[in-house]
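# A closer look at the structure
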Amino acid sequence: ARAPAGLMLRVHLVDGTYELFRAYFGAPGAKAPADAGLGGQEVGAVRGLLRSLLALLREEEVTHVGVAFDHVIESFRNELFAGYKTGEGMDPALYAQFPLAEEAAAALGLAVWPMVEFEADDALATAAARLAEDPEVGQVRILSPDKDLCQCVRGDRVVCVDRLRGRVLDDAAVKEKFGVAPRSIPDLLALVGDSADGIPGLDRFGDKSAAALLQRYGDLDSIPDDEARWDLKVRGAAALGASLRQGREAARLYRRLATLRTDAPIDSSLEALRYRGARRGALTDLCRRLGEGRLLDRVPRFADE
């Protein structure tokens, strides 16, 4: 079915890994019933994820949805840079819920992309790039506050949505928030770093200095080596110039790490993403194992109805 009359067709792309993390750290913990097949495992994050996804599905304009997960934490980027993020230090109680989270999204009837070589963000970037070219699609909404994903924004056709804060980031909003255009986000992260992903950035560079240079020159490669040639005033220019000269090659690697791929092996067609309803049997069984039968009452529709 198409979007309701009067509404453009919107595709919603969900950062499932972020949603699971948010539920784990923001929702109360809960144990599965000891006799329900999960042996009393911690399942609070999966319950929270289910509630969040059900709230999304109950919104009127939601007709096409894809959810991406990091099936494993490591990706091809770990082969490029030893310091890139890994699953080391993750709470085992959270890590153990990843398979259940994927199962939950699939039981809701959603298209699920469990990423192994690529990351969940790559799946979202791939789907956004492809769907933005589809004339049937009015808008692609990437549901994540992750700044990496802001590089996917295209005008108001592809936007990032922070559901928690109720904020939509289109092209203008990305520029206002970060001081650079969406296409320059990887360059910005290369210079200032991204602690969440293990990208160190270059010494001396902060958000303001990096954004000022990228706003003027567009990308890392176009910034002159000699700060004397910079035709704008930047505080601490001499130290920044020295840092850039010494670390430019490293910054290029960091930019590669921060650049999302748009060739992930996923099916992001409208047909694959069309929401037809939850899978009654699978969801009923999952809710039994989670000890959360009340969630069934929140399901907007089942595929067999």
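Only a predicted model underlies this, so the values are computations on that prediction, with no experimental measurement involved.

Our next topic: the pairing of strand S2 (residues 64-70). The buried fraction of S2 is high, at 7 of 7 residues. Because side chains alternate across S2, one face comprises the buried residues His64, Gly66, Ala68 and Asp70, and the other comprises Val65, Val67 and Phe69, equally buried. By the bridge criterion, 5 bridges tie strand S1 (residues 10-15) to S2 in an arrangement that is parallel. Bridge pairing in S2 places His12 opposite Val65. With 5 bridges connecting them, S2 and strand S3 (residues 111-115) associate as parallel partners. Bridge pairing in S3 links Val67 to Val112.

A word on empty space enclosed by the protein. The final tally for this structure, using the stated rule, is 1 cavity of 30 Å³ or more. One number sums up the size of the largest cavity: a volume of about 50 Å³. Forming the boundary of the largest cavity are Tyr18, Glu19, Arg22, Leu143, Ser144, Pro145, Val161, Asp162, Arg163 and Leu164. Contributions of two or more residues to the lining of the largest cavity are made by helix H1 (16-26) and strand S5 (158-162). Of all the elements, H1 adds the most residues to the lining of the largest cavity, at 3 residues.

Another point: the side chain of Asp122. Relative to the helices and strands, Asp122 is located in helix H6 (residues 120-131). Overall, the relative accessible area of 0% leaves Asp122 in the buried class. Within the structure, Asp122 has its side chain in polar contact with the backbone nitrogen of Arg261 (distance 2.9 Å).

Conventions used here
Residues numbered from 1 in each chain as written. Predicted model: local features only at pLDDT ≥ 70, side-chain atom pairs only at ≥ 80, totals over all residues. Heavy atoms only, no water. Buried < 20%, exposed > 50% of the residue type's maximum accessible area, 1.4 Å probe, protein only. Helix = DSSP H or I, 4+ residues; strand = E, 2+ residues; numbered from the N terminus. Pairing = 2+ DSSP bridges. 1 Å grid on protein atoms, 1.4 Å probe; cavity = no way out; pocket = protein on both sides within 12 Å on 5 of 7 lines; lining within 4 Å. Points joined across faces, edges and corners; volume = space filled by probe spheres on them. Polar contact = N/O pair within 3.5 Å; in protein donor to acceptor, adjacent residues only side chain to side chain.

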